[in-house]
Structure formats: structure tokens, C-alpha cells
Amino acid sequence: MAESVRRVAVVGAGAAGLMAAAHAARNGAEVTLYERNDRPGRKLRITGKGRCNLTNACTTAEFMEAVPRNARFLYAALARFAPEDTMAHFEALGVPLKVERGRRVFPVSDRAADIVDALVTDVRRAGVKTVHARVTGLTVADGAVTGVRTAAGEFAHDAVILCTGGMSYPGTGSDGDGYRLAREAGHTITPLTPSLVPITSDDPTCRRLQGLSLKNVALRIVSVQSGKTVYDDFGEMMFTHFGLTGPMILSASAHIQDIAPGKYTAVIDLKPALGDKQLDTRLLADFTKYANRDFLNAVGDLLPQKLIPIVVERSGIDPRKKVNLITREERLALGALLKGLTIPLRGFRPIDEAIVTAGGVQLKEIDPGSMASKLVSGLYFAGELLDLDAYTGGYNLQIAFSTAVLAGEHAAWGC
Ligand SMILES: Cc1cc2nc3c(=O)[nH]c(=O)nc-3n(C[C@H](O)[C@H](O)[C@H](O)COP(=O)(O)OP(=O)(O)OC[C@H]3O[C@@H](n4cnc5c(N)ncnc54)[C@H](O)[C@@H]3O)c2cc1C
């Protein structure tokens, strides 16, 4: 007698849901994909500033280092569907890819929409039925999932894969609904915190420098108590009315989850290409060139206009002092200031401004080899809903894809 076809529900048509649905269907299941938005992949469309950094062309060992917590959980998922598989998958779907700095992978077109379109076409070709509805509950009987509930009623399924995402950028549809569904099914949700998020500061300097973007600077985040550097990087950052943002700051936030007012300071090296001695030689040269100018008007070659009043104030040197009267000590102190502009940090911006949500469905309640719930039979998880997050560089989408492939296949197989 032929085995009956398994009816699989996938909740959420984001990165994980689209991938899981296609894989479940290709493995013989009758798949229904539920999405609350009228179109799929809303968050995906804004990833990588609209260019979608879909994965990172790195080894598994390197990948693990980009996942600050619970990385070991990912071994099986990455063994089944590694970054190279993601790349091959999208190339096979007709999206040529390119690898940029830091092995970040993007579509050649620089269009995130091409990634969404490829996934949507794949889902359609695999025979997945898509339903525009918010799943409001799961139906569970005798420890096994039996279906989903929507405003239109209850629908029977043999397996349900929850792919509802995190709770950042809630306007995209990922507003944390899935945590409630998981909790109602008996799962534990670890504390939800923002990651890859702008950082606030009480220093009025930030407001004064609002809009100033610094490129090619070095950043260190230093623990005030121990003096230890907990994060260092080189690149771009920006001042805003509330504090700091930009690529380096977002990355830094993933390394300092225990942030609290006064606990950390950002130390910005405005001249990382110059050693202390070279910088002093440079200052001396500029001061010789502008020997008769006031100090305030003698640092324009070294600093962006907006920064000048801040640096002048912090140097303690009289802005009207003639440069040829500046002492060696004053000049050395100025050099030290340029190598270490400090901004005390306060905390993170709210979770809805974060790129990812840290925390989620507790991993010890999930089988890492199948993404199946250990508590409710027939229930599976994939993507950001899990207690997994990574640094910037394409890792978060890869986590969504890898966990989705495992969940899709195992939900279809029923094991
Ligand atoms: C601005 C921004 C830029 C980013 N850039 C990158 C990048 O370049 N590279 C990278 O790796 N990562 C990036 N990320 C992170 C990445 O987008 C997420 O980690 C990834 O989308 C998570 O995939 P997911 O499928 O788990 O969730 P999502 O992609 O968030 O999808 C979840 C889906 O579930 C739907 N849903 C939720 N609840 C329900 C419900 N009850 N019923 C029905 N449907 C529901 C939502 O509408 C949504 O469509 C970025 C994030 C943001 C916010």
C-alpha cells in the first residue's frame, strides 16, 4: 500500500520559510506556506542595503567563529547545507553571484529582489500552495502537532515548520509572533535582545556630530572597569543624534551583549594609518605650514570640518593660540587625542531597530540534526526564531537557509 503524502505547513515566507517549503515539497510533502503579508520575503528585500548579502564564502570553522553563541548547534545544518551549497543553489536558480570584501556574497545584479524572486519561483515550481494568512495558533493533540489556526479556521497538517523570524524591523512582518506560538506549544524562549544594533551615548558630542560619517578609522570598545578591549575593528562608523551607528558599531554590538550605562567606552583612532611618531611629524609639518594661524584654523588638513571644534575643545589648547606657540607637550597630547577620541556608551537602541534578534527558541529543546522539536512531535523550527544569531557578513541568512533545508527535509520525511 502506498504511504500517504505528508501535509506540511510552513509558517512565514521569509528566507527560512521559502527555503524550507521548497525542500519539503521536493521531498514528497504536500506543502502549504502561510504568510501574513501580501507578498513574501519583505525583510529579505531590504537585506544588505537592498543588495542582499546572502551568505559568506567561508569554511565551516570560520563560520563558527562568526556565531558568538550556540555555534555548535549548527554543525549538522551546515554539514547538510553549507555556504557553497547556498551559492550553488542560487546560481542554479539563475542568479549569478559575486564575492566581495570579507567573502561577502551578493547577487551580481546587486538586487535583493532577485534573491526573493528566485526563492518564490522555486517554491511555485516545487508545487507549494501559498496562503495569505497570519497563523494565530497551532493545534496540538497528544503531544503531536495536528495543524494551524488562522482567522479563516483550522487547517490539518501532519507537520508544521515555524519560520516566523525574529522581532526586529517589525514592519516587515517579523514582529515576534512565532515566539508566542512556540511558547504556547510548550517551548522555552530565551531572553530576546537586540544584536547588530546602533549604540546610544549620553555624550552631547554625538548630537553635535550628527550625520558625520567617519571612514577608514579604527574603533576599539573598551571595558571601563578592566580597561580591556572587547572589540576592535577598522572601517566606517557614523554619529547620530542618539549616539553611534554604521557597520563597525553594528558589529561591535554583537560582541557586547552585556552593555550598561558607563560600562563601555568607544575609543576612535582618527588616524590609524599613522603611528604616534608619524602623527607627531605630520602635526609638526602642518603647524609649520600654518605657523601664523590660530590653532582653530590650523587643523583643517587633518580633520573633517565638523570634528574640528570638538577636537579643539577636548585638547584644552586655546583655540586662538598661534600655532607657533603651541608647546611640544600640547602637540603630543593633541596627537594622543586624535589616536583615541573617547565616547562613553550607554546602551542599545530598541530591538525593532536591530538587524537581528539574539535569543529565541531554546536550542536544547530542538534536535540539531533535524530541527524537530523534542517536546511536540511534528513541530520543526528554522531561521531567526531560534536562539541563534551571528555577526554581519551573510551569516544570518546562511543560518536561515541551512536550518530551513534540514527542517524542510525532515518534516517531509516525518523523522
Ligand atoms: C535591515 C536589515 C538588513 C539585513 N541584512 C542582512 C544581510 O545582508 N545578510 C544577512 O545574512 N542577514 C541580514 N539581515 C538579517 C536577516 O534578514 C534575517 O536574519 C533573516 O531574514 C531571517 O530569516 P527568517 O526566515 O528566519 O525570518 P524573516 O526573513 O524575518 O521571515 C519571517 C516571515 O514570517 C512572517 N510571519 C511572522 N509571523 C507570522 C505569522 N504568525 N503567520 C504568518 N506569517 C508570519 C513574516 O511576515 C516574515 O515574512 C538583515 C536584517 C535587517 C533587518
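Computed from a predicted model, the values in this text were never measured in an experiment.

Novice: Tell me about the pattern of salt bridges, and please be specific about residues and values.
Specialist: As enumerated under the stated definition, the model contains 29 salt bridges in all. Arg-69 is paired through a salt bridge with Asp-389; the nearest N and O atoms lie 2.9 Å apart. Of this pair, Arg-69 sits in the loop between helix H3 (60-65) and helix H4 (75-80) while Asp-389 sits in the loop between strand E20 (379-381) and helix H13 (395-413), and the two are 320 residues apart along the sequence. In this structure, Asp-258 engages Lys-263 in a salt bridge whose closest nitrogen and oxygen atoms are separated by 3.1 Å. By relative accessible area, which is 40% here, Asp-258 ends up partly exposed. Salt bridges linked by common partners bring Arg-36, Arg-134, Asp-175, Asp-177, Arg-180 and Glu-184 together as one network.

Novice: Hey, could you go over the site of the ligand for me, with residue numbers and the actual values?
Specialist: Taken together, 34 residues lie near the ligand, and Glu-35, Ser-174, Asp-177, Glu-384 and Leu-397 sit nearest. Within the backbone of Ala-15, an N or O atom sits 3.2 Å from an oxygen atom of the ligand. Leu-397 places a polar main-chain atom, nitrogen or oxygen, 2.8 Å from an oxygen atom of the ligand. Bound to the protein, the ligand loses 95% of the 990 Å² it would expose on its own. Those elements that provide at least two residues to the shell around the ligand are helix H1 (15-26), strand E2 (30-35) and H13. In terms of residue count, H13 provides more of the shell around the ligand than any other element does, four residues in total. A per-class count over the shell around the ligand returns 14 nonpolar, 14 polar and six charged.

Novice: Any details on the sheet that holds strand E3 (residues 55-56)? Residues and values, ideally.
Specialist: Within a beta sheet, neighbouring strands are joined by backbone hydrogen bonds and run either parallel or antiparallel to one another. One open sheet accounts for three strands, arranged E3-E5-E4; its pairing is antiparallel. Each end of this open sheet is capped by a strand with a single partner; those strands are E3 and strand E4 (97-100). Where E4 lies against strand E5 (residues 104-107), four bridges are found, and the strand directions are antiparallel. Across the sheet, Val-99 pairs through a bridge with Val-105, a residue of E5.

Novice: So what's going on with the sheet that holds E2? Which residues, and what values?
Specialist: Read from one edge to the other, the open sheet built from five strands follows the order E6-E2-E1-E10-E20, with strand pairing classed as parallel. In the strand order of this sheet, the two ends are held by strand E6 (129-132) and E20, each with one partner. The sheet shows a mean angle of 20° between the axes of neighbouring strands, direction not considered. Across four bridges, E2 lies against E6 in parallel orientation.

Novice: I'd like to hear about the pairing of E5, residue by residue, with values.
Specialist: Alignment of E3 against E5, held across two bridges, turns out to be antiparallel. Along E5, the bridge assignment pairs Thr-55 with Val-105. The antiparallel hairpin formed by E4 and E5 contains three residues in its connecting segment, where Gly-102 sits at a positive phi of about 70°.

How each quantity is defined
- Residues numbered from 1 in each chain as written.
- Predicted model: local features only at pLDDT ≥ 70, side-chain atom pairs only at ≥ 80, totals over all residues.
- Heavy atoms only, no water.
- Salt bridge = Lys/Arg side-chain N within 4 Å of Asp/Glu carboxyl O.
- Helix = DSSP H or I, 4+ residues; strand = E, 2+ residues; numbered from the N terminus.
- Buried < 20%, exposed > 50% of the residue type's maximum accessible area, 1.4 Å probe, protein only.
- Near = heavy atom within 4 Å.
- Polar contact = N/O pair within 3.5 Å; in protein donor to acceptor, adjacent residues only side chain to side chain.
- Areas by Shrake-Rupley, 256 points an atom, 1.4 Å probe, with all protein chains shown as cover.
- Nonpolar A, V, L, I, M, F, W, Y, C, P; charged D, E, K, R; others polar.
- Pairing = 2+ DSSP bridges.
- Axes fitted to C-alpha atoms, helices over the stretch in contact; angles between N-to-C directions.

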